[in-house]
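Secondary and tertiary structure notes
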Amino acid sequence: MSSTFCTGKSQKKTSDASPQGADVKVLNLSKWFGGPNNRLKALENVTMEVPKGAFFSVIGQSGCGKTTLLRLIAGLETPSRGRIEVDGRQVEGTGWERGLIFQEPRLFPWATVEHNVRLGLPDRDSSVWPDLVAELLELVGLEGFAAAFPRKLSGGMAQRVALARALASTPRVLLLDEPLGALDAVTRARMQKELLGIWHKRKITMLAVTHDLDEAILLSTHIVVLSERPGTVKSVIPIQMEYPRDRTSMEFNRFKQELVKLLLEEVS
Amino acid sequence: MDKKVDWGWRVMARKATLPIMVLGIWWWLTNVRGFGGGILPTPHEFTAGLGRLITTGQLWRHISISLLRIGQGFGLAAGLAIPLGILVAAFPIFGQFVLPSLEFLRQIPPIAWIPVFILALGIGEATKLAVIVYAAFFPVFMNTILGVTQIDQHYWEVARLLQFSKQETLRELIVPGAMASLATGIRLGLSNSWRALVAAEMLAAVSGLGYMIMSARSLVRMDEVFIGILVIGLLGTAFDWGCRVLEQHFLYWQKPEEDI
């Protein structure tokens, strides 16, 4: 049970195991919905590799299949064609090594904050669960809220609980589906900082979906630009900038211009 | 769901207006106008009858028998309806087998079955039990299905991500998620079965509140008839009130404004 929390250790061990260094591999992935007559193609031939410990952000216009890509990797959807590998193993259904944070916190309203986080532990009945949950709540800055019910929480606090719940299984990969999208600007900026802190501290591979260019540049090591429906990978742009990043710097804006250009090309 | 009881005197006064008016008219009709003549007992006859029924222990005997029947029958009905409802909601194929038939049976008032029950089960306890079960089953069953199917798809995805076992899905998601609707079903089922029981006791019983009314009628003891009616109404109200208290206890996590 103790291994659940030693991210550092397990990270080192697995870095030898995977020579390519890719944590998430997406190979010729296609996904369509509906029957043969009204088929809706969401993704077509998406191929990408997310290296271990990287922070990838996927951007693209709404309806380009960003969320579908994330849901496929999470195992909530099954690919129509192609495959997904995480840590060298093909993804089939959901798994503890992949955490997902939705746009909404999706906490069980009938359970306390503590219980919601506890449900994120693979071994929920372990005798040390109170310590594990306390540690997670401390990590997201909600020590005093263990006994609160979700309706008492603000949007930012609720999303933090969702983050703690997703981190409870010490996933290798954390999938983020616009988790900060519904938050106000100040809360959002604070959460971005905290997300970076957790990423540094826990050395998790991050794969986020967003339509906020600033957020993508602020957080990511790489930005994947998806084309319009059906989504395909248009380009992968490495963001080589030191953390913490300054939104007002020249460099930051150069990346932003490049991304805007890529996205606008698409429209014309 | 309802808000907390308002104990303010204005509200209480408004609520008491109609009952007090009815009591006043009753007193006026029987004492001043001399109306009644064996149909409507005077308030004095009524209280005297009540005192007699209480001191002889008759009233309590009938009440306790009726309550026991409700307890057994309703427990049995809920024990059948809740698991079956969850099953139907969780496995729609199973629902396709049973739902049309149950929908048909639901339309038949339990009283209509009493002749059949009497022939099949005799006039013992089994008949009364069958009527209660029949009356309580459908509201509980239907509201269980409704409650489970209304659980947000979002939460089912969380359950998948968190690798819930079957028991965990039941304990952490289905039961709490369906609780609000389940509580409504229990409340409706209890009130349904209480009404059906009294009817059954009038037709096929030698004890219970329904029987008490019927035997008083045949002896033209109208005071006892009205006492029976009053007690039935009061107990039904008490059940409903108890259900609401329990509901608030089990749905503590809900904000009143969130209820629809």
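Residues numbered from 1 in each chain as written. Chains lettered and ligands numbered in written order. Predicted model: local features only at pLDDT ≥ 70, side-chain atom pairs only at ≥ 80, totals over all residues. Heavy atoms only, no water.

Some thoughts on the sheet that holds strand S10 (residues 233-238) of chain A
Residue and element names in this part refer to chain A. Defined as follows: Only strands joined by at least two bridges in the DSSP assignment are considered to pair. Only DSSP runs of H or I reaching four residues or more are called helices, and only runs of E reaching two or more are called strands; each is numbered from the N terminus. Here, axes are lines fitted to C-alpha atoms. For helices the fit covers the stretch in contact, and angles between N-to-C directions go from 0 to 180 degrees. In what follows, residue pairs with any heavy atoms lying within 4.5 Å of each other are defined as contacts.
Read across the open sheet, the six strands follow the order S6-S7-S8-S3-S9-S10; overall the sheet is mixed. Two strands bound the open sheet, and with one partner strand each, they are strand S6 (98-101) and S10. Neighbour-to-neighbour, the strand axes of the sheet open up by a mean angle of 15°, direction not taken into account. Bridge analysis of strand S9 (residues 222-226) against S10 gives five bridges, and the strand direction is antiparallel. The residue bridging Val225 from the neighbouring strand is Ser235, located in S10. Sitting on the sheet, helix H2 (residues 66-74) is in contact with strand S3 (55-59), S6, strand S7 (173-177), strand S8 (205-209) and S9, with an inclination near 150° to S7.

Details of the packing of helix H6 (residues 125-149) of chain B against helix H8 (residues 166-203) of chain B
Residues and elements named next belong to chain B. Going by this rule: Should an angle lie under 35 degrees it is considered roughly parallel, over 145 roughly antiparallel, and from 65 to 115 roughly perpendicular; all remaining angles are considered oblique. Helix crossings are classified by the rotation of the near helix relative to the far one: an anticlockwise turn of less than a right angle makes the crossing left-handed, while a clockwise turn makes it right-handed. Residues are sorted three ways: Asp, Glu, Lys and Arg are charged, Ala, Val, Leu, Ile, Met, Phe, Trp, Tyr, Cys and Pro are nonpolar, and all the rest, Gly among them, are polar.
Where H6 meets H8, the closest approach of the two axes is 7 Å, and the angle between their N-to-C directions is 160°. Taken as axis vectors, H6 and H8 run roughly antiparallel relative to one another. Of the two elements, H6 crosses H8, and the hand of that crossing is right-handed. Taken together, the residues of the contact of H6 with H8 sort by class into 16 nonpolar, ten polar and two charged.

Details of the domain arrangement of chain B
In plain terms, the rule: In this document the domain limits rely on a domain assignment from an automatic tool or a database.
The domains assigned to chain B are domain 1 (1-35) and domain 2 (45-258). For domain 1 of chain B versus domain 2 of chain B, the separation of C-alpha centres amounts to 29 Å.

Some thoughts on the interface of chain B and chain A
Going by this rule: Summed over both partners, the accessible surface that disappears when two parts come together, traced with a 1.4 Å probe, is what is meant by buried area. Put simply, a salt bridge is a Lys or Arg side-chain nitrogen that is within 4 Å of an Asp or Glu carboxyl oxygen. Side-chain atoms alone can form a polar contact between residues adjacent in sequence; in general such a contact is a pair of N or O atoms within 3.5 Å, and within protein one must be able to donate a hydrogen while the other accepts it.
Each side of the interface is counted separately: chain B has 19 residues, and chain A has 22 residues. Each partner contributes to the roughly 2100 Å² buried at the junction of chain B and chain A, and carbon and sulfur atoms together form 60% of this total. Contact with chain A buries area across many residues of chain B, yet Leu161(B), Leu162(B) and Trp253(B) alone supply 29% of it, more than any other trio. Counting every contact that joins chain B to chain A gives three salt bridges. Between Arg124(A) and Glu168(B) there is a salt bridge, with the nearest N and O atoms lying 2.6 Å from each other. Summed over the shared surface of chain B and chain A, the number is twelve residue pairs in polar contact (both at pLDDT 80 or more). In terms of residue count, helix H7 (residues 153-161) of chain B provides more of the side of chain B that touches chain A than any other element does, six residues in total. Split into classes, the residues belonging to the side of chain B that touches chain A amount to nine nonpolar, four polar and six charged.

Section: the pattern of salt bridges
Residue and element names in this part refer to chain A. In plain terms, the rule: Exposure classes here rest on a 1.4 Å probe applied to the protein chains alone. A residue is buried below 20% of its type maximum, exposed above 50%, and partly exposed in between.
Enumeration according to the criterion identifies 29 salt bridges over all chains in this entry. When the shortest N-O distance is used, the salt bridge between Asp23 and Arg172 registers 2.5 Å. Placement of Asp23 in strand S1 (residues 22-33) and of Arg172 in the loop between helix H5 (155-167) and S7 is noted, with a sequence separation of 149 residues between them. Take Asp23 and Arg172: they sit in the same class, and that class is buried. A salt bridge links Arg106 to Glu104; the shortest N-O distance between them is 2.7 Å. The class for Glu104 is partly exposed, based on a relative accessible area of 29%.

Thoughts on the sheet that holds S1(A)
Residue and element names in this part refer to chain A. Read from one edge of the open sheet, four strands run S2-S1-S4-S5, paired in antiparallel fashion. Of all the strands in the sheet, just strand S2 (40-51) and strand S5 (89-90) have a single pairing partner and so form its edges. Here S1 pairs with strand S4 (residues 81-86) via five bridges, running antiparallel. Looking across to S4, one finds that Leu27 is bridged to Arg83. Along the sheet face, H2 touches S1, S2 and S4 and points at about 120° away from the line of S1.

Section: empty space enclosed by the protein
What counts here: Only protein atoms enter the 1 Å grid used here. Points where a 1.4 Å probe fits but cannot escape make up a cavity, open sets with protein on both sides within 12 Å along at least five of seven lines make up a pocket, and a residue lines them when an atom lies within 4 Å of a point. Grid points are joined across faces, edges and corners, and a volume is the space filled by probe spheres set on the points.
All chains considered together, the criterion is met by three cavities of 30 Å³ or more. The volume enclosed by the largest cavity comes to roughly 150 Å³. Lining the largest cavity are 15 residues, with Leu100(A), Arg165(A), Ala166(A), Leu161(B) and Leu162(B) sitting closest to its centre. At the level of secondary structure, the elements contributing two or more residues to the lining of the largest cavity comprise S6 and H5 of chain A together with H7 of chain B. Grouping the amino acids of the lining of the largest cavity by side-chain chemistry returns ten nonpolar, three polar and two charged. Quantified by volume, the second largest cavity comes out at close to 50 Å³. Around the second largest cavity, the lining residues are Ser57(A), Pro179(A), Leu180(A), Leu195(A), Ala208(A), Thr210(A), Glu215(A), Ala216(A) and Leu219(A).

Observations concerning the domain arrangement of chain A
All names here are of chain A. Taken as a whole, chain A is organised into domain 1 (20-95 + 173-179 + 204-268) and domain 2 (98-170). On a C-alpha basis, the centres of domain 1 and domain 2 stand 26 Å from each other. Residue-level contacts link 19 residues of domain 1 with ten residues of domain 2. The contact between domain 1 and domain 2 buries some 1200 Å² in all, and 57% of this surface belongs to carbon and sulfur atoms. Scanning the region where domain 1 abuts domain 2 turns up ten residue pairs in polar contact (both at pLDDT 80 or more).

Here's the deal with the environment of Leu213(A)
Residue and element names in this part refer to chain A. Here Leu213 lies in helix H7 (residues 213-219). Taking the relative accessible area as the measure of exposure, Leu213 reaches 14% and is therefore buried. In the structure, Leu213 is positioned 156 residues away from Ser57 in sequence and 9.5 Å away in space, judged by C-alpha atoms. Apart from the residues lying within four places of it in its own chain, the contact partners of Leu213 are Ile59, Lys256, Leu259, Val260 and Leu263.

Observations concerning the nonpolar core
To keep it simple, the criterion reads: Working definition of a nonpolar core: buried Ala, Val, Leu, Ile, Met, Phe, Trp, Tyr and Cys residues. They are joined through side-chain atoms within 4.5 Å.
In this structure, Leu59(B), Ile70(B), Phe141(B), Trp194(B), Leu209(B), Ile227(B) and Val231(B) are the most contacted members of the largest nonpolar core, which totals 50 residues. Those elements that place two or more of their residues in this core are helix H2 (43-55), helix H3 (58-90), helix H5 (114-121), H6, H8, helix H9 (209-218) and helix H10 (222-250) of chain B. Those residues in contact with Leu209(B) that lie beyond four places of it in its chain are Leu59(B), His62(B), Ile63(B), Ser66(B), Trp194(B), Glu201(B), Val231(B), Ile232(B) and Leu235(B). Of all hydrophobic cores here, the second largest spans 45 residues; its members include Ala111(A), Phe149(A), Leu226(A) and Ile151(B).

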